[in-house]
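# Examination of the molecular architecture
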Amino acid sequence: MKTTPKNNSQGRSYIVRGGNPLNGEISVSGAKNAATKQMVACLLTSDPVTLKNIPQIGDVEATAELLEGLGVKIEKNDQDYTISAASLNTSKVSAAFSRKNRIPILLIGPLLHRFGEARIPMLGGCKIGPRPIDIHMQGLEKMGAEVTCEDGYYTIRAKELKATMIELRFPSVGATENLMLAAVLAKGTTTIANAAIEPEIMDTAKLLQAMGAIINLEANRTWVIEGVEKLNGAVHEVIPDRIEAASFGIAAALTGGSVFIRNARQNDLLSFLNAIRKVGVPFTIQSDGILFGSAESYKPVVIETDVHPGFMTDWQQPFVMLLTQANGVSIVHETIFEDRFGYTESLKQMGAHIQLHSDCLGSKECRYKHQNYMHSCIVSGPTPLKAADICIPDLRAGFSYLLAALMADGESHITGIDHIERGYEKILDKMKSLGADIEVTE
Ligand code: UD1
């Protein structure tokens, strides 16, 4: 079936001929959601910091450009970046970086420490709901920053950030990171309660500690950070990407193949592995990675996305694809983002049976109860999929479209591939090496 790509129809696209099982081995790249934040953390010192295992993806490129635009020097040696912020020369982030991704907001702490002021354009990132930044700003205000917003810019000023006790109204990943970067050099001890504790944040805490910070994760999602006078250079290796690992694991299961995912870490995938075990996807944990296989048939499940250590919202999209092939009715309740099912429309055109609901389906009520957001879905399977022309709306949806095309009967054309290349390193090469029939048109 041919459907008209909605937008982004210009430019490069993937042509995918479905039906091949994916077999072989891939290595997981460095985690996007750790690498990009850690590049920003390097601005907290004038010494060079070396980050290893940086993935070659669009979001890293955009972050590097953003930092270079502020005068930062970056020496790139394959996956290793040495970042020197001694030459950081402005507190204003160019408007050209507005709406590209959500990294600029994390610059607030480093820029305040260096200049007493940060000017940040309005934010971008995936279109998956309104994505407000009130939690970031309230925390910074509590630390003594003054925030104003005018002409598409936030201006944040603070002669000195002071330590305080902050309780987040929701464990936001970005806000937790933002406040951590502000707190490491603030005067006194900052407590961030009801904070996010995702593995990527833990990894960034490890970088900060290597740079000289005093930072600890205590009971009940509480970060305790004793401000220090100064941070120094360090060498740090970015953790493997648990979203990429899970995505390829599902690709093996859905195409009837078997893929060894080198560097996939059980630690970071506990809730994912529990979920696929219930569905019936076989896997074997090995010392250097995880082997994902496939089964003749899969079972339906009820799943709710949640903050870590719950089932991650970025696993939801490939997981929904998996459920389209399960025998019966599954329920997915998205509790992190209110609008993260828009991508299912194209999957329905390919033959998937997915119904969206505004109720909290599943076992618990979330903050989107009675708010009319289509944040739950019912997936009925198994359904064969037909090839289609589809346009990727956001990064994680992109992988599920690729999965759909890999399973579909016929040739699919996928546009909007910049979205997927923002977050998955060498995705085409990795897919091809596993036997996928996929090519790119310029
Ligand atoms: C990060 C990840 C993203 C992941 C998400 C949740 C990066 C680059 N992106 O996004 O892949 O899906 O965590 O694990 O690391 N919120 C507010 N006010 C705020 C901040 C957030 O209401 O000030 C809300 C958001 O609208 C959303 C929820 O909190 O509904 C979670 O957002 P957050 O954890 O901040 O996600 P990001 O850091 O944007």
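Right above here is the structure, for reference.
This text gives an overview of the structure that appears in the document.

## Observations regarding the sheet that holds strand β16 (residues 289-292)
Spatially, β2-β14-β16-β15 is the arrangement adopted by the four strands of the open sheet, whose pairing is mixed. The sheet is open, and its two edges are formed by β2 (23-27) and β15 (283-286), each paired on a single side. Strand after strand, the sheet turns through a mean of 15° between neighbouring axes, direction not considered. Of the pairings in the sheet, the one linking strand β14 (residues 258-262) to β16 comprises four bridges and is antiparallel in character. Residue pairing for β16: Ile 261 is matched across the bridge by Ile 290. Sitting on the sheet, helix α7 (residues 242-255) is in contact with β2, β14 and β16, with an inclination near 165° to β14. Of the strands in this sheet, β15 and β16 touch helix α8 (residues 266-279), which is tilted by about 15° from β16.

## Overview of the sheet that holds strand β17 (residues 302-304)
Strands sit in the order β17-β18-β20-β19 across an open sheet of four strands; the sheet is mixed. Only two strands of the sheet have a single partner each, and these edge strands are β17 and β19 (353-357). When strand polarity is set aside, the average angle formed by the axes of neighbouring strands in this sheet is 15°. One ladder, built from three bridges, connects β17 with strand β18 (residues 328-333); its direction is parallel. Its bridge partner lying in β18, Ile 303 is registered against Val 332.

The rules behind these values
Residues numbered from 1 in each chain as written. Predicted model: local features only at pLDDT ≥ 70, side-chain atom pairs only at ≥ 80, totals over all residues. Heavy atoms only, no water. Pairing = 2+ DSSP bridges. Helix = DSSP H or I, 4+ residues; strand = E, 2+ residues; numbered from the N terminus. Axes fitted to C-alpha atoms, helices over the stretch in contact; angles between N-to-C directions. Contact = heavy atoms within 4.5 Å.

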